[in-house]
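Report on the structure
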Amino acid sequence: MIFAVREINQRQDLLPNLSLGYHIKDSGDDIPVSVKRSLLLVNGQPEKDSGQSCTKDIQKQPSPVIVGDAASGVSMAVLRTLGSFKIPMVSYFASCSCLSNKKEFPAFMRTMPSDVFQIKALVKLVQYFQWTWVGVIGVESDYARFAIQLFLKESETFNICPAYVHFYSVVLMQDAVEELVDILKSSSATVIVNFSGESELHSILKECRRQNLTHLQWIASEAWATSKALWGNFGDLLKGTLGFAIRRADIPHLGSYLRRVNISVAQKSDFLSEFWEETFHCRLNGSLNTHVHGEQPQNWPPCNGSESLDDVYTPYLDVSQLRVSYNVYKAVYLIANALHDMSTCEPGKGPFQNGTCGCLSQILPWQVCLTHHFAFSAYIVLIRNYQTLYTF
């Protein structure tokens, strides 16, 4: 996102007389945290007790647009909280079909297609191989519930029957994992359709390996279809897995931009400080990394400044598989194009009442939201044409 903002600010053909700024908050994939920090963003208020110095706790400009959230359920909660303020949100990963309801979520946009398209493709994929008896599982979330509901409805057309439908918790305790694997083992269905992220599936596959359950044919949702971590750890269990991935794209110059990060840059950012410490197993002076990863990190030596990203491999620098990252990139450009349309609007030909135009000197969120609809039309073909078959 920062790369996209800086790239736009350097362009002369897009918002030439306006510079974009940004605030970044970590939602923690948690609804209460996301709602709180979204309210801080739109009010321009610093976060109290954040561990930052008082010099950083200064009045900030309100954010008229929010990029996020990644999760569908979190996005719904934030949208309902901010709904009366008409604050537009542009999500880069929330795919739940429920978010397409414009009556309930009029200020929602996304650069991620609705699950409606993925489900149709998954059902046709299952039908192509003439699999008519399948197990359907998913994490306990709005994303999985609506996706599975769509899958079951669409499957009826092709005489595909569910052997069972099972939802499991986001945080899987051992007894819950064993219960699920027992269902997988006892059923005659060997084709399993799973709607979850990679972290939830990790525990399931670990238990499958422990119980030597290796004969399953997995069908992946887009949230884990291209997970390198799962393939690296459970490649033997996932051979033959089929799914549809978000389209990969290239972002010119992003790789070189990421490599500019050094110790002095990392120390200025909470996010990069944690990344730097985890990558080089050292501690930064004044580190704000409060994540607990066992006792060992407490014994890491101080970083000495000789660390270089050129000397290590990290997924952070891997720009060969830009999928969700490209969605973020498009989200920033979508907002920039909406603002650009406002800046070039001719009085009498504007999108608002009596042909009036929005004002960039005092941006009103609802005006950006409405302009979003016009700018979004330029992206709709690109976004909908996102899915490519991906196999392990």
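One structure accompanies this document, and this report is about it. For clarity, every value in this text was computed on a predicted model and none was experimentally measured.

Each helix and strand in the protein was counted, giving 14 helices and nine strands. Of all 392 residues assigned to the protein, the portion counted as buried reaches 45%. Sequence-distant contacts in the protein: of pairs separated by 6 or more residues, those separated by 24 or more amount to 65%.

The next point concerns the packing of helix α4 (residues 115–128) against helix α5 (residues 142–157). As a packed pair, α4 and α5 sit with axes 9 Å apart at the nearest point and diverge in direction by 45°. Considered as vectors, α4 and α5 are oriented oblique to each other. Judged by the sense of rotation from one axis to the other, the crossing of α4 with α5 is right-handed. For the pair α4 and α5, contact is made by Asp115, Val116, Ile119, Lys120, Leu122 and Val123 and by Tyr143, Ala147, Leu150, Phe151, Glu154 and Ser155, respectively. Class assignment for the residues of the contact of α4 with α5 results in eight nonpolar, one polar and three charged.

With omega at -10°, the peptide bond leading from glycine 68 into aspartate 69 counts as cis. Topologically, aspartate 69 is positioned in the loop between β1 (66–67) and α3 (72–82). Phi is positive for leucine 15, close to 50°, though the residue is something other than glycine. Position of leucine 15 among the secondary structure elements: in the loop between α1 (2–10) and α2 (31–43). Taking relative accessible area as the criterion, leucine 15 reaches 3% and is therefore assigned buried. For lysine 86, which is not glycine, the phi dihedral falls at a positive 55°. Residue placement: lysine 86 occurs in the loop between α3 and β2 (89–91).

Glancing now at the sheet that holds β1. Through backbone hydrogen bonds, the strands of a sheet pair up, either in parallel or in antiparallel fashion. The strand order across the open sheet built from three strands is β1-β2-β3, with neighbouring strands paired in parallel fashion. The open sheet has two edge strands, β1 and β3 (108–110), and neither has a second partner. Across the face of the sheet, α3 comes into contact with β1, β2 and β3 while running at roughly 175° to β2.

A few words on the environment of glutamine 211. Counting through the fold element by element, glutamine 211 comes out in the loop between α7 (198–210) and β7 (217–220). Assessed through its relative accessible area of 18%, glutamine 211 is described here as buried. As a C-alpha pair, glutamine 211 and lysine 185 span 26 residues in sequence and 9.3 Å in three-dimensional space. Setting aside anything within four residues of it in sequence, one finds glutamine 211 in contact with Val181, Asp182 and Lys185. Among the polar contacts listed, one links the side chain of glutamine 211 to the side chain of lysine 185, at a separation of 3.2 Å. Among the polar contacts listed, one links the side chain of glutamine 211 to the side chain of glutamate 207, at a separation of 2.7 Å.

Before going further, it helps to examine α1. Residues Phe3, Ala4, Val5, Glu7 and Ile8 constitute the buried set of α1. Those residues of α1 that are buried lie in contact with α9 (254–258) and α12 (324–343).

A separate point is the pairing of strand β6 (residues 191–195). The element β6 is extensively covered by neighbouring structure, given that five of its five residues are classed as buried. What you see with β6 is no split at all: Val191, Val193 and Phe195 on one side and Ile192 and Asn194 on the other are buried throughout. Across five bridges, the pairing between strand β4 (residues 133–139) and β6 is parallel. By the bridge assignment, glycine 135 is partnered in β6 with isoleucine 192. As paired strands, β6 and β7 are joined by four bridges and run parallel to one another. Within the sheet, the bridge partner assigned to valine 193 lies in β7 and is isoleucine 219. Crossover handedness for the path β6 to α7 to β7: right-handed.

The next thing to look at is the packing of aromatic side chains. This structure, assessed with the given rule, holds 10 aromatic pairs. With centroids separated by 6.3 Å and ring planes inclined at 25°, the aromatic side chains of phenylalanine 3 and tyrosine 329 adopt a geometry described as stacked. Residue phenylalanine 3 is located in helix α1, and its partner tyrosine 329 is located in helix α12; the two are separated by 326 residues in the primary sequence. Judged on exposure class, the residue phenylalanine 3 and its partner tyrosine 329 are both buried. Counting every residue linked through ring pairs, the aromatic cluster contains Phe3, Tyr257, Tyr326, Tyr329 and Tyr333.

Here we come to the nonpolar core. Counting 44 residues, the largest nonpolar core has Phe151, Leu184, Phe195, Ile204, Leu205, Cys208 and Trp218 as the members making the most contacts within it. Broken down by element, the residue count for this core peaks at six residues, all from α4. Beyond its immediate sequence surroundings of up to four residues, leucine 184 is in contact with Tyr164, Ile192, Cys208, Leu213, Leu216 and Trp218. Membership of the second largest hydrophobic core comes to 39 residues, among which are Leu20, Met109, Ala249 and Ala336.

Criteria and thresholds
Residues numbered from 1 in each chain as written. Predicted model: local features only at pLDDT ≥ 70, side-chain atom pairs only at ≥ 80, totals over all residues. Heavy atoms only, no water. Helix = DSSP H or I, 4+ residues; strand = E, 2+ residues; numbered from the N terminus. Buried < 20%, exposed > 50% of the residue type's maximum accessible area, 1.4 Å probe, protein only. Contact = heavy atoms within 4.5 Å. Axes fitted to C-alpha atoms, helices over the stretch in contact; angles between N-to-C directions. Parallel < 35°, antiparallel > 145°, perpendicular 65-115°, else oblique. Left-handed = near helix turned anticlockwise from the far one by under 90°. Nonpolar A, V, L, I, M, F, W, Y, C, P; charged D, E, K, R; others polar. Pairing = 2+ DSSP bridges. Polar contact = N/O pair within 3.5 Å; in protein donor to acceptor, adjacent residues only side chain to side chain. Right-handed = clockwise from strand over helix to strand, strands pointing away. Phe/Tyr/Trp six-rings, centres within 6.5 Å; stacked < 30°, edge-to-face > 60°. Core = buried A, V, L, I, M, F, W, Y, C linked by side-chain atoms within 4.5 Å.

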